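In case you want the letters, here they are:
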Amino acid sequence: MTDTLLADGTHPDAARERDRWAASADAWDRWADPMAGLADKLNRPLLDAAEVAEGDRLLDLASGAGEPALSAARRVGPGGLVVGSDLVPGMMAGAVRRARTAEGAAPVFLAADMTALPFADGAFDRVTCRFGIMFVPPVDRALREVRRVLRPGGRAAFMVWGPRAGNGLFAEIGAVVADHLGEDGSLDPLFRFADPGTLTTILRAAGFQHGGETDLTPVRKAPAGQPFWHAALEMSFGHRLGGLPADRRAALEADIAARFAAKAVDGVVPVPSHARIVVGW
Ligand SMILES: C[S@@+](CC[C@H](N)C(=O)[O-])C[C@H]1O[C@@H](n2cnc3c(N)ncnc32)[C@H](O)[C@@H]1O
């Protein structure tokens, strides 16, 4: 099997991943609308890389609360089709809710494990997946499925995270969470494809003949003194916060706030992020 291991030499664990996302599904629903503007800034280059156009039939994998499926539906228009999918049905509650009020033709959402897709060969023109492929233990199996459901000449685009150190929210919040609750390694899968070329190598082994990678390294200018980190804490660390007594949660949040406050310059906290778009066709 062509694959990549985590820093500790293991694969992500399927049951642990399912539990993690089930536990943070409410937070993803709650934060989906407030984060929609920031989400779209990442969705647009991902859809561009997949060359998504009006009339396309697009499959979005690991859609969570609907990113980028909802943006994709606006782009393909009423003559196209967007199917959003995710392993964990609860993660799509926000997507289904948001689709009801979406402009134009709404995507259809259904539960599906990307390692065994319930679609016919060649059913889609485009496949997208934003921050999802890294959580799948047999990633090579998922990519062969992607290739199978794409029509000949179809195109897939994946968004993954670059290194942890280049992603300020994960680095800073992760350090405080580890101080308070211990290091459990659950952040490691996020950075599974942080090394350039890793995912492209697996795409090629899965039968994609062409590939390319583009790094995005925006620096968000967050307002000092505001809890701009709150969404990231609840969405990416929510599985660790359940049942935490209020006083311990307050102490943890105070330390996160202090850590970011120490980075403020003229009322602004620079928060770097590093994402990578990997395409195959
Ligand atoms: C970080 S969230 C990304 C959600 C959304 N694409 C976004 O960017 O906001 C990761 C998602 O991957 C999903 N996932 C994990 N393993 C999966 C699998 N084998 N098949 C499909 N989805 C999976 C999880 O349920 C979760 O919703």
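Structure: see above.
Every value quoted in this text rests on a predicted model; they were computed, and no experiment measured them.

Undergrad: Honestly, the overall build of the protein in this entry has me stumped. Any pointers?
TA: Each helix and strand counted, the protein has nine helices and nine strands in total. Over its C-alpha atoms, taken along the principal directions, the protein stretches across nearly 55 × 45 × 35 Å. The buried share of the protein, taken over its 281 residues, is 51%. Pairs at least 24 residues apart make up 81% of the contacts formed inside the protein by residues separated by at least 6 positions. As presented, the protein carries roughly 12200 Å² of accessible surface, and 54% of it is formed by carbon and sulfur atoms. When the 31 basic and 35 acidic side-chain charges of the protein are each reduced to a single mean position, those positions are 3 Å apart.

Undergrad: Explain the site of the ligand here, please?
TA: Close to the ligand lie 17 residues; Ala62, Glu67, Asp86, Met114 and Arg130 are nearest. Measuring from an oxygen atom of the ligand, one finds a side-chain N or O atom of Arg130 at 2.6 Å. Residues of the shell around the ligand, tallied by class, amount to eleven nonpolar, two polar and four charged.

Undergrad: What should I look at first to understand the pattern of salt bridges in this one?
TA: If the charged atoms of two oppositely charged side chains come close together, the side chains can form a pair. For the structure shown, the criterion picks out 26 salt bridges. Linking Asp184 and Arg16 is a salt bridge whose minimum nitrogen-to-oxygen distance equals 3.6 Å. Of this pair, Asp184 sits in the loop between helix H6 (168–181) and helix H7 (198–205) while Arg16 is found in helix H1 (residues 14–32), placing the two residues 168 residues apart along the sequence. Relative accessible area serves as the criterion here: at 39%, Arg16 is assigned to the partly exposed category. Across the pair Arg20 and Glu17 runs a salt bridge, and its minimum N-O distance is 3.0 Å. You can see Arg20 and its partner Glu17 sitting in helix H1, three residues apart, about one turn around the helix. On the accessibility criterion, Glu17 (5% relative accessible area) is buried. Put simply, Asp29, Asp33, Glu67, Arg97 and Arg98 are held in one network by salt bridges that share partners.

Undergrad: Looking at this structure, I do not really get the pairing of strand E5 (residues 150–161). What am I missing?
TA: Side chains on a regular strand alternate between the two faces of the sheet. When you tally the buried positions in E5, you get nine out of twelve residues, the bulk of the element. Of the strand pairs in this sheet, strand E4 (residues 124–130) and E5 are connected by six bridges, and their pairing is parallel. Paired with Cys129 across the strands is Phe158, a residue of E5. Across six bridges, the pairing between E5 and strand E9 (residues 275–280) is antiparallel. Residue pairing across strands places Trp161 opposite Ala275, the latter belonging to E9.

Undergrad: Explain the environment of Glu172 here, please?
TA: By the secondary structure assignment, Glu172 is in helix H6. Of the residues examined, Glu172 reaches a relative accessible area of 13% and is grouped as buried. If sequence neighbours within four positions are ignored, Glu172 has contacts with Arg259, Phe260 and Lys263. In terms of polar contacts, Glu172 uses its side chain to reach the side chain of Arg259, at 2.6 Å.

Undergrad: Explain the packing of helix H2 (residues 36–49) against helix H3 (residues 69–76) to me, please; I cannot follow it from the model alone.
TA: Across the interface, H2 lies against H3 with an axial gap of 9 Å and an inter-helix angle of 55 degrees. When the axes of H2 and H3 are compared, the pair comes out oblique. In the crossing of H2 with H3, the sense of the turn from one axis to the other is right-handed. Contact residues: Asp40, Asn43, Arg44, Leu47 and Asp48 in H2; Ser71, Ala72, Arg74 and Arg75 in H3. Class assignment of the residues belonging to the contact of H2 with H3 gives a composition of two nonpolar, two polar and five charged.

Undergrad: So what exactly am I meant to see when it comes to the sheet that holds strand E2 (residues 81–86) here?
TA: What links the strands of a sheet is backbone hydrogen bonding, and the strands pair in either a parallel or an antiparallel sense. Strand order in the open sheet formed by seven strands is E3-E2-E1-E4-E5-E9-E6, and the pairing between neighbours is mixed. A strand with exactly one partner marks an edge of an open sheet, and here the two such strands are strand E3 (108–111) and strand E6 (211–216). The mean inter-strand angle of the sheet, taken between neighbouring strand axes irrespective of direction, is 20 degrees. Relative to E9, E6 is paired through six bridges, and the arrangement is antiparallel. Note on E9: the bridge partner recorded for Gly211 is Gly280. Against the sheet, H3 makes contact with strand E1 (57–61), E2 and E3, and its axis sits at roughly 170 degrees relative to E2, the strand it touches most.

Reading the values: the criteria
- Residues numbered from 1 in each chain as written.
- Predicted model: local features only at pLDDT ≥ 70, side-chain atom pairs only at ≥ 80, totals over all residues.
- Heavy atoms only, no water.
- Helix = DSSP H or I, 4+ residues; strand = E, 2+ residues; numbered from the N terminus.
- Buried < 20%, exposed > 50% of the residue type's maximum accessible area, 1.4 Å probe, protein only.
- Contact = heavy atoms within 4.5 Å.
- Areas by Shrake-Rupley, 256 points an atom, 1.4 Å probe, with all protein chains shown as cover.
- Lys, Arg positive; Asp, Glu negative; His and termini not counted.
- Charge placed at Lys NZ, Arg CZ, Asp CG, Glu CD.
- Near = heavy atom within 4 Å.
- Polar contact = N/O pair within 3.5 Å; in protein donor to acceptor, adjacent residues only side chain to side chain.
- Nonpolar A, V, L, I, M, F, W, Y, C, P; charged D, E, K, R; others polar.
- Salt bridge = Lys/Arg side-chain N within 4 Å of Asp/Glu carboxyl O.
- Pairing = 2+ DSSP bridges.
- Axes fitted to C-alpha atoms, helices over the stretch in contact; angles between N-to-C directions.
- Parallel < 35°, antiparallel > 145°, perpendicular 65-115°, else oblique.
- Left-handed = near helix turned anticlockwise from the far one by under 90°.

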